[in-house]
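Descriptive analysis of the structure
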Amino acid sequence: MKRIAMATVLLAASAAGVGYAAYPDESTLYLGVAAKAGLRVWDNVEANPVPVFLALGTFLLTVLYHKARGKSLRESVEVAATRVTVVSSPARDPSEEENPVVRRAKARTTRTQLTSDLIGLQNRYRKLPEEIQRLEKEVCYTEQALDEAEAKLTDKQRAHEVAVTKLEAVRREKAESDAEMAAIEFELKKLADVA
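Residues numbered from 1 in each chain as written. Predicted model: local features only at pLDDT ≥ 70, side-chain atom pairs only at ≥ 80, totals over all residues. Heavy atoms only, no water.

Broken down by element type, the protein chain carries five helices and zero strands. In the protein chain, the order of α-helices and β-strands from amino to carboxyl end is α-α-α-α-α. Taking 2.2 N^0.38 as the reference for a compact globule, 195 residues should give roughly 16 Å; the C-alpha atoms of the protein chain span a radius of gyration of 39 Å, well beyond that estimate. Viewed in the frame of its principal axes, the protein chain has a C-alpha envelope of about 135 × 60 × 35 Å. Burial status across the protein chain gives 3% buried among its 195 residues. Total accessible area on the protein chain is roughly 18000 Å²; 64% of this is exposed by carbon and sulfur atoms. (Helix = DSSP H or I, 4+ residues; strand = E, 2+ residues; numbered from the N terminus. Rg over C-alpha atoms; globule rule 2.2 N^0.38 Å. Buried < 20%, exposed > 50% of the residue type's maximum accessible area, 1.4 Å probe, protein only. Areas by Shrake-Rupley, 256 points an atom, 1.4 Å probe, with all protein chains shown as cover.)

So this is what it looks like as structure tokens:
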């Protein structure tokens with residue numbers, strides 16, 4: 001039993017690893033959702049811990065009670081966890097045959113249900129080609145819109161780069177003009193002092 005549990009844990013861990021490797025974005029999203037749910041549960045437990053402690057206490061008392069009555073720990077935990085008494089149904093006597101009326105009624109009910117299921121599936125199957133065609137068109141339109149948006153984004157990025165280059169050139173020119181004006185004013189001031 002322990003080997004089966006360990007194998008199950010190992011398989012679940014490896015499946016989670018493979019899922020994360022194959023779909024990292026979705027795995028991160030699901031992990032985030034699970035973490036939020038766990039935090040919400042923990043916040044609820046912190047806000048009102050009495051029911052949790054009551055449940056754990058009742059479980060432990062039930063295990064101790066059945067252990068004191070002579071059951072093994074495994075049986076005690078099983079009884080405390082399930083709280084269900086399994087009653088075996090009486091074995092049918094092969095000599096007792098089913099009533100023909102009941103057999104016919106079961107057959108009619110089964111046939112009616114199968115016919116109803118078949119009609120539902122056929123109706124759904126008839127609509128599937130149209131739905132597939134509609135969804136294919138929708139995928140084409142959205143793909144075209146995505147391509148157009150990517151092209152516009154590329155154009156906008158190029159325009160932004162050109163604007164940044166022009167801005168840097170104009171700032172450089174302004175800095176040079178400021179330095180040249182300061183030099184000219186300094187020279188003019190020197191000439192005014194000489195005259």
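Our next topic: a nonpolar patch on the surface. On the surface, a nonpolar cluster with roughly 340 Å² of combined accessible area is contributed by Leu29, Tyr30 and Val33. Inspection of the secondary structure assignment puts Tyr30 in helix H2 (residues 24-47). We classify Tyr30 as exposed; its relative accessible area is 58%. (Patch = residues over 30% accessible without salt bridge, like charges linked within 9 Å, V, L, I, M, F, W, Y side chains within 5 Å. Salt bridge = Lys/Arg side-chain N within 4 Å of Asp/Glu carboxyl O.)

We now examine the side chain of Thr62. Examined against the element boundaries, Thr62 turns out to sit in helix H3 (residues 50-68). We classify Thr62 as buried; its relative accessible area is 16%. Within the structure, Thr62 has its side chain in polar contact with the backbone oxygen of Thr58 (distance 2.7 Å). (Polar contact = N/O pair within 3.5 Å; in protein donor to acceptor, adjacent residues only side chain to side chain.)

Let's shift gears to helix H5 (residues 100-194). Between its terminal C-alpha atoms H5 stretches 134 Å, which fits the 141 Å expected from 95 residues at 1.5 Å a residue. Where H5 bends most, at Leu128, the angle is about 35°, and the proline Pro129 comes one to four residues later. With a side-chain oxygen lying 3.2 Å from the backbone nitrogen of Val101, the N-terminal cap of H5 falls on Asn99. (Expected span 1.5 Å × (residues − 1). Bend = angle between axes of the 7 residues up to and from the residue.)

Residues Glu143, Asp147, Glu148 and Glu150 make up a contiguous surface patch of negative charge. Position of Glu143 among the secondary structure elements: in helix H5. (Lys, Arg positive; Asp, Glu negative; His and termini not counted. Charge placed at Lys NZ, Arg CZ, Asp CG, Glu CD.)

It is worth spelling out H3 at this point. For H3, which comprises 19 residues, the first-to-last C-alpha distance of 26 Å matches the rise-based estimate of 27 Å (1.5 Å per residue) to within 8%. For H3, every residue scored as buried is listed here: Thr62, Val63 and His66. Down the axis of H3, the smallest arc covering the buried residues is 95°, so these residues share one side. With respect to the buried face of H3, the exposed residues turned more than 90 degrees away are Val50, Phe53, Leu54, Leu60, Leu61, Leu64 and Ala68. In this structure, the buried residues of H3 make contact with helix H4 (73-82). Looking one or two places after H3, you find Gly70, whose phi comes out positive at around 105°. (Arc of directions from axis to C-beta. Contact = heavy atoms within 4.5 Å.)

Taken N-terminus to C-terminus, the directions of helix H1 (residues 2-22) and H2 make an angle of 120°; their axes are 5 Å apart at the nearest point. Classed by the angle they form, the pair H1 and H2 counts as oblique. Taken together, the residues of H2 that come into contact with H1 (itself represented by Gly19, Tyr20, Ala21 and Ala22) are Pro24, Ser27 and Thr28. Looking at the contact of H1 with H2, its residues break down into four nonpolar, three polar and no charged. (Axes fitted to C-alpha atoms, helices over the stretch in contact; angles between N-to-C directions. Parallel < 35°, antiparallel > 145°, perpendicular 65-115°, else oblique. Nonpolar A, V, L, I, M, F, W, Y, C, P; charged D, E, K, R; others polar.)

Relative to each other, H3 and H4 sit at 135°, their axes nearing to 8 Å. Relative to H4, H3 is oriented oblique. For H3 against H4, the interelement crossing comes out right-handed. Of the residues in H4, those touching H3 at Phe59, Thr62, Val63, His66 and Lys67 are Leu73, Ser76, Val77, Val79, Ala80 and Ala81. Tallied by class, the residues present in the contact of H3 with H4 amount to seven nonpolar, three polar and one charged. (Left-handed = near helix turned anticlockwise from the far one by under 90°.)

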